[in-house]
Every structure is written in C-alpha cells, then in structure tokens.
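Report on the structure
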Amino acid sequence: MKSVFTALFLLVSGSLFAQDRLSSTEWESVKYDIDKSWNDYKRPDAFRVCLPETSHPLRRTNLSDHDCIMQAIRSAKTVGNDEALEWIVASQCRNAGAMARIRKAGDKAVKYVVDSWGNQMKDLADD
C-alpha cells in the first residue's frame, strides 16, 4: 500500500513540475520572439502602440523593441535577472502570447539575451 501511495505521489508531483517547464516548441517560440525584438529598431508610431491590456510600466513610447532588449542586457549586468526579464517582456507589448511565454521561460530567456548579445555591451558591467 505504501508503494502505491509513493508511486501516486511521484506521478502527481512529476506532472505538476512538468507544467512549469517549457516544451522545445515553446522555447523556440520564445527565442523567435526575442530575436524579432532584437532586430526591430523601429520606434512605435500610432499604428504600433502597445495593446492596452498588455501595456507595460517600463515601456515608453520612444523605445523600440531593440531598445528594450538592450535595457534588459543592462539590467542583467547591473541590477539582476528580475528587472531584465521585465524589459524583455516589455519588448513584446503588442503580443500577449509572447509576453506569457517569455515570463514562463524566466531566467532562461534572460540568459539567452545576455549570451546572444551581451558581449556587444561588455563595458556596461564596468560602469
């Protein structure tokens, strides 16, 4: 009887932890969303404003998606991953699905950004 409860516990706890992990497809989507933001230098205009339901307190109208990713790198190097993640999420203010996927990826998304483009901003850590 004890082994039945142990097996049941492991099954339930394993499926709960699996919900927190990203599938490989979701991770590829996260990377695509972040890469797209990195390559978007366009400042928002009247047709590119953030959706009201996904507006983000860090996002200002004069920042491009690329600028948000750069701010994420600065934050990761100076403040920490929590703020950096918020900047990455802010870069997706027109895409609620991407915001949710990036939040789910958490520190993995921050690591991806810093590993991908952080060397282009090496000197920030020394400031």
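Here the structure is a predicted model, which means the values were calculated and not measured. (Residues numbered from 1 in each chain as written. Predicted model: local features only at pLDDT ≥ 70, side-chain atom pairs only at ≥ 80, totals over all residues. Heavy atoms only, no water.)

1. A look at the confidence of the model for the protein chain
- Scored by pLDDT, the protein chain has a mean of 79; 67% of the residues are at 70 or more.
- Looking at the elements of the protein chain, mean pLDDT is at its lowest for helix 1 (residues 2-20), recorded as 49, and at its highest for helix 6 (residues 107-117), recorded as 96.
- In the predicted structure, residues 12-19 sits below a pLDDT of 50 and forms 1 contact with residues beyond four places in sequence or in another chain.
- Per-residue pLDDT stays below 50 along residues 123-127; that stretch engages in 3 contacts with residues further than four places along the chain or on separate chains. (pLDDT = per-residue confidence, 0-100. Helix = DSSP H or I, 4+ residues; strand = E, 2+ residues; numbered from the N terminus. Contact = heavy atoms within 4.5 Å.)

2. Points about helix 3 (residues 65-78)
- Look at helix 3: 20 Å from first C-alpha to last across 14 residues, which is about the 20 Å you get at 1.5 Å a residue.
- Structurally, helix 3 contributes buried residues whose contacts are with helix 2 (24-38), helix 4 (81-90) and helix 6.
- Backbone geometry just after helix 3 places G80 at a positive phi near 150 degrees. (Expected span 1.5 Å × (residues − 1).)

3. Re helix 5 (residues 96-105)
- Among the residues of helix 5, A98, M99, I102 and A105 are the ones counted as buried. For helix 5, the angular spread of buried residues about the axis comes to 125 degrees, placing them on one side.
- Packed against the buried residues of helix 5 are helix 2, helix 4 and helix 6.
- By the N-cap criterion, in which a side-chain oxygen at the helix start approaches the backbone nitrogen of a residue two or three places on, helix 5 is capped by N95, the distance to G97 being 3.2 Å.
- One or two steps after helix 5, the chain reaches G106, where phi turns positive at roughly 60 degrees. (Buried < 20%, exposed > 50% of the residue type's maximum accessible area, 1.4 Å probe, protein only. Arc of directions from axis to C-beta. Polar contact = N/O pair within 3.5 Å; in protein donor to acceptor, adjacent residues only side chain to side chain.)

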